[in-house]
Structure formats: C-alpha cells, structure tokens
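The residues making up each chain are set out below.
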Amino acid sequence: MRRFLIAGNWKMNKTATEAVMLVRQFFEQLPKTSRVDIILAPPFTALPAVAGTLGPQTPHVSLGAQNVFWEDHGAFTGEVSAPMLADLHCQYVIVGHSERRQLLGETDAAVAKKITALLRHGLRPIVCVGETKDERLRHETERVVSRQILGGLGHLSADQLDFVTIAYEPVWAIGTGEAASVDQAALVHRHIRTVMTSQWKTSVGHNIRILYGGSVNAKNAGTFLASPEVNGALVGGACLDPAAFATIAAIAEATS
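Residues numbered from 1 in each chain as written. Predicted model: local features only at pLDDT ≥ 70, side-chain atom pairs only at ≥ 80, totals over all residues. Heavy atoms only, no water.

Examining the packing of aromatic side chains
Think of a pair of aromatic rings as described by two things: how far the centres are apart, and how the planes are tilted against each other in angle. Note the following rule: Pairing of aromatic side chains requires ring centres within 6.5 Å, counting the rings of Phe and Tyr and the six-membered ring of Trp. Pairs whose planes differ by under 30 degrees are stacked, by over 60 edge-to-face, and all others tilted. Only protein chains enter the accessibility calculation, which uses a 1.4 Å probe; a residue whose area is less than 20% of its type maximum is buried, one above 50% is exposed, and one in between is partly exposed. In our convention, an over-ring charge means Lys NZ or Arg CZ found within 6 Å of a ring centre and within 35 degrees of that ring's normal.
One pass over the full model with this rule turns up six aromatic pairs. Ring geometry for Phe26 against Phe27: centres 5.9 Å apart, planes inclined by 40°, an arrangement best described as tilted. Of the two residues examined, Phe26 and Phe27, each falls in the buried class. Taken together, a centroid distance of 4.7 Å and an interplanar angle of 45° make the contact between Phe69 and Phe76 tilted. A relative accessible area of 35% places Phe76 in the partly exposed class. Among the aromatic residues, those joined into a cluster by ring pairs are Phe26, Phe27 and Phe245. Seen from the ring of Trp70, Lys113 lies directly overhead, with NZ or CZ sitting 3.9 Å from the centre.

Describing helix α1 (residues 16-29)
For the record, the criterion: Note on conventions: DSSP H or I runs of at least 4 residues are helices, E runs of at least 2 residues are strands, and numbering of each starts at the N terminus. By this rule, a helix spans an expected 1.5 Å times one less than how many residues it contains. Note that the arc is defined by the directions from the helix axis to the C-beta atoms. Two residues qualify as a contact provided that any one of their heavy atoms is within 4.5 Å of a heavy atom in the partner residue.
With 14 residues, α1 should cover 20 Å at 1.5 Å per step; its first-to-last C-alpha distance of 21 Å lies within 8% of that length. Within α1, burial applies to Ala19, Val20, Leu22, Val23, Phe26 and Phe27. In an axial view of α1, the angular spread of the buried residues amounts to 165°, which keeps them on one side of the axis. Exposed positions of α1 whose direction lies more than 90 degrees from the buried face are Thr17, Arg24 and Glu28. Looking at the buried side of α1, the elements it contacts are β2 (37-41), α2 (47-51), β3 (61-65) and α11 (242-255).

Considerations on empty space enclosed by the protein
Note the cut-off: Definitions used for this entry: grid spacing 1 Å over protein atoms alone; cavity, a set of points where a 1.4 Å probe fits but cannot get out; pocket, an open set with protein on both sides within 12 Å along at least 5 of 7 lines; lining residue, one with an atom within 4 Å of a point. Grid points are joined across faces, edges and corners, and a volume is the space filled by probe spheres set on the points. Note that Gly is not counted as nonpolar here; it falls among the polar residues with everything else outside the nonpolar set of Ala, Val, Leu, Ile, Met, Phe, Trp, Tyr, Cys and Pro and the charged set of Asp, Glu, Lys and Arg.
Per the counting criterion, the structure on display carries one cavity of 30 Å³ or more. One number sums up the size of the largest cavity: a volume of about 30 Å³. Lining the largest cavity we find Leu30, Pro31, Thr33, Val36, Ile38, His60, Ala249 and Glu253. A per-class count over the lining of the largest cavity returns five nonpolar, two polar and one charged.

Take a look at the structure:
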C-alpha cells in the first residue's frame, strides 16, 4: 500500500532563524506517528538550520529542497548541485514546479537532466506536472500532462521510478485559493497512472505515489486524501502555518 506523503513547499519564505521557530511549533502539534511521510522543503539558506531540528524523534519527517542544478560542480553561478543537497541530508527535491516553468522558463528537458542528477546521488525527485487555465479550457490537460511526464521521466527505467514521486499541480490552482475539485484531480491522477502503465509497466502505474497540489489547506485536505487516486499533498501557503500543516498531517494520519 502506498503511504501518504505530505510535503510542505515553503517557496521563498522564512529566514534560517524563522525556519527553526516554525519547525519547532510544527513539531509541538504534529501527531507522534510514522504512518505518514512528511517533507519540509525550506529555501536553500534554511536547509542546514531545518536539518538541525530533525532527529530520531521525527523519523517520518524528511528534509527536501525546492530545486537543483543538473551538474555536480562547475562555473554555474547561483546554482546548487545534488551532491551539495545530499551533504545537507536532503532526501527529496522538488523539480519542474510550475513557478519555475512559468517564471524561469524551465523546460521538460531541463527537468529530465535534474532528475538524472538527483537519482545519481540517491535523492528522490518530486516531479511537478500540471496545465494552465487556458490549456484546461482548451481541453488539453491530458496532452500537457503526458508531455511533461514523458519529457521529464521518459529516459528512466522502471526500477528508477521506484524513487520518483509525481505531484499534479494545476497551474490555475496554485496560490489562487481555487483548488481543483476532487473529481478533477482524480481524473488527472488516473490519467497519469495510465501513462505510467503504458510507457513502462502495470506495477509502475500502480506503485508510484501521486500527490495533489494547488491551494491545499486544512479545510479541503481531507476531501482530496479521501480519494483512492490521491496519495498525498504538496502544500504551499498552508505549510507556513504550523497549526494548519500539522492539521493536514493529522488528517493524512487518520485517513491512512
């Protein structure tokens, strides 16, 4: 059975000092259990500080990063490599987020190279896919998501996909307060499983974890997590509220 995964993408928020305070408040309210996997993905500058808050008392909480560069080292000013993240005890890395695709021109080819670099160093990619509002209105959701999956993951073997998580994040729902309906999310998640099965094999489509992201909060998380098609959530703004993020984790715990 796929364990729920609840990932908090802090985006460009919180200094290192503020991050420690947030995590401590979160841990005070977090259910003391290990039936749900939790990821904290602060900015690069706060990774060491957050790593220092993790320990044996939180075995189900992992450190994640929000991006990576595909080369291990070199003259790439401002970039951060997979070995650097591994050295900070990161276990997961978000790639292909719509904000990077839309604002910074990140392509499927770039996502593919980043995934390769992460897997080479034992890090687990969380690969974001999703359509814009215009693409949804043109009924292009399945085509866009298929292109992003095959463009980013098509070079991987079935065995490598055991270490990959997919997050479906409709662009029109991110940061807007307008979450997709459960039915809308479930349809796309089923399509993703169909693509994985047809491109690789049935076990890949069955086993891969698919998260929903896009205005997930403490009020609507339960409806998404109740769907058998949804294996967790990639949480944005709500993860910056310790009480709200702990509530989402508790809902996942109760649903698992």
